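Chain by chain, the residues:
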Amino acid sequence: ASSRAVVQYIGHNALFSGTREERKRAREYMKWLFMQLEGPVYVDGWQDRDDCCVVDIPAGCVGYVTGNRRATLSRLEDEWGVMMFFMSKGKGSGRAEKEQLIIFGPKRGRRGAELDVMSTVENKHPGIFTRSVRGKISENRDFDTDRIQFKDEDLSYALGKEGSTRKKLE
C-alpha cells in the first residue's frame, strides 16, 4: 500500500506491477528493508521526496513507539498503508536526543500515521508535540490539517470510549 504498486512474490521472484513511479518506489522501499538487515539506514535527500515525512522522536520514546518486536509500528503500517523505520547515519559518538522516524506512503496515510505516532509520544511525555499548539482552521482547499483545542471537561466526550468518536468521524 505504501508504494501503491502491486507486489507479489512467486517462488524466489518479486514482481512489481503499477505505474513506472509506483514500481520504482516499491523497489526502493524493498532495498531499504533489506539494508536494515545489514545495519542503520539513512535515506539521503528525503526532504526532496513527495512520498515521505519524518517525525523526530525523543530517544526515551523510541522503544514505546516501536513496541515489542516492532508490534506498534507494524500495527500503524497496516492501519495507514505506510512503511516506517527509524533512520540513522550510522554509529555516532553517544546517544542522540532524538531519532528520526521516516514514514513512506500516500499523503493521507502518512499524515494519519504521523499523527498517531505523535499521539503515542504525547501519551508518554505530555507536551512534547502540543506545548505550543494553538487552534487553527486552514484556508487550503487541498489536503491539510485543522486544529481544535478542547477544554478538559470536553476531552473525554470528544474521544469517546476507546477512541470511538474519532473513528466515527474518519
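The structure reproduced in this document is the subject of the present report.

Criteria and cut-off values
- Residues numbered from 1 in each chain as written.
- Predicted model: local features only at pLDDT ≥ 70, side-chain atom pairs only at ≥ 80, totals over all residues.
- Heavy atoms only, no water.
- Core = buried A, V, L, I, M, F, W, Y, C linked by side-chain atoms within 4.5 Å.
- Buried < 20%, exposed > 50% of the residue type's maximum accessible area, 1.4 Å probe, protein only.
- Contact = heavy atoms within 4.5 Å.
- Helix = DSSP H or I, 4+ residues; strand = E, 2+ residues; numbered from the N terminus.
- Lys, Arg positive; Asp, Glu negative; His and termini not counted.
- Salt bridge = Lys/Arg side-chain N within 4 Å of Asp/Glu carboxyl O.
- Arc of directions from axis to C-beta.
- Pairing = 2+ DSSP bridges.
- Axes fitted to C-alpha atoms, helices over the stretch in contact; angles between N-to-C directions.
- Left-handed = near helix turned anticlockwise from the far one by under 90°.
- Nonpolar A, V, L, I, M, F, W, Y, C, P; charged D, E, K, R; others polar.
- Patch = residues over 30% accessible without salt bridge, like charges linked within 9 Å, V, L, I, M, F, W, Y side chains within 5 Å.
- Areas by Shrake-Rupley, 256 points an atom, 1.4 Å probe, with all protein chains shown as cover.
- Phe/Tyr/Trp six-rings, centres within 6.5 Å; stacked < 30°, edge-to-face > 60°.

### Digging into the nonpolar core
Inference 1: Counting residues in each nonpolar core, the largest one holds 17 residues, and the members touching the most others are Ile-57, Val-65, Met-84, Phe-86, Leu-101, Ile-103 and Val-117.
Inference 2: Apart from the residues within four sequence positions on either side, Met-84 is in contact with Arg-70, Leu-73, Leu-76, Glu-77, Leu-101, Ile-102, Ile-103, Ala-113 and Val-117.
Inference 3: Residues Val-43, Trp-46, Ile-102 and Phe-104 belong to the second largest nonpolar core, which totals twelve residues.

### Notes on the side chain of Arg-110
Inference 1: Tracing the backbone through its elements, the reader meets Arg-110 in helix H4 (residues 107-124).
Inference 2: Among buried Asp, Glu, Lys and Arg side chains, Arg-110 stands out as unpaired, with Asp-51 the closest opposite charge at 6.1 Å.
Inference 3: Beyond its immediate sequence surroundings of up to four residues, Arg-110 is in contact with Asp-50, Asp-51, Cys-52, Cys-53, Val-82, Ile-103, Phe-104 and Gly-105.

### Here's the deal with helix H3 (residues 71-80)
Inference 1: Restricting attention to buried positions, one finds in H3 the residues Thr-72, Leu-73, Leu-76, Glu-77 and Trp-80. For H3, the arc enclosing every buried residue in end-on projection is 135°, short of the 170-degree limit, so these residues lie on one face.
Inference 2: If you follow the buried residues of H3, they end up packed against helix H2 (62-66), strand S4 (83-87), strand S5 (98-104) and H4.
Inference 3: The positive-phi residue at the C-terminal boundary of H3 is Gly-81, with phi of around 70°.

### A look at the sheet that holds strand S3 (residues 52-58)
Inference 1: The antiparallel open sheet is built from three strands, whose spatial order is S3-S5-S4. Strands with a single pairing partner mark the edges of an open sheet, and in this sheet they are S3 and S4. Along the sheet, successive strands turn relative to each other by an average axial angle of 25°, direction set aside.
Inference 2: Note that S3 and S5 share seven bridges and pair antiparallel. Residue pairing in the sheet places Cys-52 in a bridge with Phe-104 of S5.
Inference 3: Contacts from H3 reach S4 and S5 within the one sheet, and its direction differs from that of S4 by about 140°.
Inference 4: Here H4 sits on the sheet in contact with S3, S4 and S5, set at roughly 5° to S3.

### A closer look at the pattern of salt bridges
Inference 1: Scanning the entire structure with this criterion turns up six salt bridges.
Inference 2: Taking the shortest distance from any N to any O, the salt bridge between Glu-28 and Arg-49 comes out at 2.9 Å. Pair noted here: Glu-28 is in helix H1 (residues 20-38) and Arg-49 is in the loop between H1 and S3, with a separation of 21 residues, a long-range link.
Inference 3: Classification of Glu-28 by relative accessible area gives buried; the value is 19%.
Inference 4: Among the residues examined, Arg-49 registers a relative accessible area of 22% and is labelled partly exposed.

### Considerations on the packing of H3 against H4
Inference 1: Interaxial distance between H3 and H4 falls to 9 Å at its minimum, and their mutual angle equals 145°. Here H3 runs over H4; the crossing is right-handed. When H3 is examined against H4, the residues Leu-76, Glu-79 and Trp-80 are found in contact with a partner set consisting of Arg-108, Gly-109, Gly-112, Ala-113, Asp-116 and Val-117.
Inference 2: Its residues assigned to classes, the contact of H3 with H4 shows four nonpolar, two polar and three charged.

### Considering a nonpolar patch on the surface
Inference 1: A cluster of nonpolar side chains, contributed by Ile-137, Ile-148, Phe-150, Leu-155 and Leu-159, occupies part of the molecular surface with about 530 Å² of accessible area.
Inference 2: For Ile-148, a relative accessible area of 66% translates into the label exposed.

### Re the pairing of strand S2 (residues 13-17)
Inference 1: Two elements, strand S1 (residues 6-10) and S2, share five bridges in a ladder whose sense is antiparallel. Each bridged residue has a counterpart across the sheet, and for Val-7 the counterpart in S2 is Phe-16.

### Structural notes on the packing of aromatic side chains
Inference 1: Using the criterion set out here, one finds four aromatic pairs in the structure.
Inference 2: The interplanar angle of 25° and the centroid separation of 5.0 Å between the aromatic rings of Trp-32 and Phe-104 together place this pair among those described as stacked. On the criterion of sequence distance, the pair formed by Trp-32 in helix H1 and Phe-104 in strand S5 is long-range, its members being 72 residues apart. Exposure class is identical for Trp-32 and Phe-104. Each is buried.
Inference 3: Through a chain of ring-to-ring contacts, the aromatic side chains of Tyr-29, Trp-32, Phe-85 and Phe-104 assemble into a single cluster.

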